Amino acid sequence: MPKTVFAILLPLFVSSALAAEPEEGFVSMFNGKDLTGWEGKPGWWYVEDGAITSQSTPEKPCTKCNYLMWRGGKPGDFELRLEYKLIGGNSGIQFRSRELPDWDTFGYQADMEAGTQWTGCLFEHERGGVAMRGEKVEIDESGKKTVTSIGDPKELLKHVKPNDWNEYRIIARGPEITLVINGVVMARAVDRHKGKAAKDGVIALQMHPGPPMKVQFRNLRIKILDAKPR
C-alpha cells in the first residue's frame, strides 16, 4: 500500500478499532425496545426508532414538568453516558435527585435546550444554575461559590449539534460533578454545600412545559464508580 494511502487510512483503522472496544464496567439502562426498567407519567413516554421519546404538540401541550424515572437504583458515584436529540424547548437529565409526587423530582440536572443559555449547565431546583457552561464552580460548606473559567460559553456551544444526536456524559464522584457533551467538558462543580449537595438519588429524564417540543434519548448506560473522599 502506498505510504500516502496508508497515512490517510490509518486514522480510520484506529477510529474503528476504538469504536469496537467494549466500555468496561458499563451496563445498559435501556433495551431499545420498550420502557422496561423505567416509569413515567402515563401518556407521555414511549419508544420511537430505538429511543426513549416524549413530545408535546399544540393539541397536546405540556403544562407541568414530568419525569421518566429509572428504576435500576439510586446511584451516587457513577458515570452516565447517553445520546440525546432535542427539537425545540428544554429538557434535562436528573441525577442524585429526590422523587416527588406526580412524576416530579428535586435535585441536580444536566441541562439541555434549543436555545443558547442552558445546554451543558448544571442546574438544581433550589439553587438554580450551580455551574453554567464554561465554569468550574467550587462551593464550600457554607455555600460560598468560587468560579473560574474553563472555556468561552459561546465557543463551547459550537460543539453541540442542534436538532441532531449529541453524546452527553455525566460524571459524579464524591463532591465532584463534570458534564461533557460530544467529548468537550462543558461545566464542572465541586459541591460541598452542607445540607444542599446531594450524595445519591434517582436518575430521570425530563419533559418540560412550554411550546411544542420533542426529546429523545438512546444508548443509555451507566458505570458505578468508587467514591472519592468527601
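Residues numbered from 1 in each chain as written. Predicted model: local features only at pLDDT ≥ 70, side-chain atom pairs only at ≥ 80, totals over all residues. Heavy atoms only, no water.

Colleague: Whenever I open this one, the overall build of the chain confuses me. Can you help?
Modeller: When you go through the chain residue by residue, the secondary structure sums to two helices and 17 strands. Out of the 230 residues belonging to the chain, those deemed buried represent 42%. Within the chain, contacts between residues separated by at least 24 positions form 64% of all contacts whose residues are at least 6 apart in sequence. Accessible surface, the chain: about 11800 Å² in total, of which carbon and sulfur atoms supply 54%. (Helix = DSSP H or I, 4+ residues; strand = E, 2+ residues; numbered from the N terminus. Buried < 20%, exposed > 50% of the residue type's maximum accessible area, 1.4 Å probe, protein only. Contact = heavy atoms within 4.5 Å. Areas by Shrake-Rupley, 256 points an atom, 1.4 Å probe, with all protein chains shown as cover.)

Colleague: Quick question: what am I supposed to make of the sheet that holds strand β9 (residues 122–124) here?
Modeller: With antiparallel pairing, seven strands are arranged side by side in an open sheet as β2-β5-β16-β7-β8-β9-β10. Each edge of the open sheet carries a strand with a single partner, namely β2 (38–39) and β10 (128–131). Sheet analysis places strand β5 (residues 66–70) next to strand β16 (residues 202–207), joined by four bridges and oriented antiparallel. Along β16, the bridge assignment pairs Asn-66 with Met-207. (Pairing = 2+ DSSP bridges.)

Colleague: Sorry, what's going on with the packing of aromatic side chains here?
Modeller: Describing an aromatic ring pair means giving the distance of the ring centres and the angle of the ring planes. One pass over the structure, following the stated rule, counts four aromatic pairs. With 5.7 Å between their ring centres and 45° between their planes, Tyr-84 and Tyr-168 make a pair best called tilted. Of this pair, Tyr-84 sits in strand β6 (residues 78–87) while Tyr-168 sits in strand β13 (residues 166–173), placing them 84 residues apart in sequence. Accessibility expressed as a relative area gives 3% for Tyr-84, which makes it buried. Centre to centre, the rings of Phe-95 and Tyr-108 are 5.5 Å apart; their planes meet at 20°, and the pair counts as stacked. (Phe/Tyr/Trp six-rings, centres within 6.5 Å; stacked < 30°, edge-to-face > 60°.)

Colleague: What should I look at first to understand the environment of Ser-56 in this one?
Modeller: Relative to the assigned elements, Ser-56 resides in strand β4 (residues 51–56). A residue is classified by how much of its surface remains accessible, and Ser-56, at 2% relative accessible area, is buried. Taking the C-alpha atoms as reference points, Ser-56 and Met-207, separated by 151 residues in sequence, lie 8.6 Å from one another.

Colleague: Is there a simple way to explain the pattern of salt bridges in this structure?
Modeller: Any two side chains of opposite charge can pair, on the condition that their charged atoms come close. Applying the stated rule across the entire model yields 17 salt bridges. One salt bridge connects Arg-96 with Asp-77, and the closest N-O pair in it is separated by 3.4 Å. Pair noted here: Arg-96 is in strand β7 (residues 90–100) and Asp-77 is in the loop between β5 and β6, with a separation of 19 residues, a long-range link. Comparing Arg-96 with Asp-77, the two get one shared label, buried. The partner of Arg-81 in a salt bridge is Glu-79, with the nearest N and O atoms 2.7 Å apart. You can call Arg-81 buried: its relative accessible area is 18%. Ionic contacts of the salt-bridge type, sharing partners, join the residues Glu-23, Glu-79, Arg-81, Glu-167, Arg-169 and Arg-221 into one network. (Salt bridge = Lys/Arg side-chain N within 4 Å of Asp/Glu carboxyl O.)

Colleague: How should I be thinking about the pairing of β16 in this particular structure?
Modeller: Taken residue by residue, a regular strand's side chains alternate between the two faces of the sheet. For β16, the buried fraction is high: six of the six residues fall into the buried class. The pairing of β7 with β16 spans three bridges and is antiparallel. Bridge assignment links Ser-97 to a residue of β16, and that residue is Val-202.

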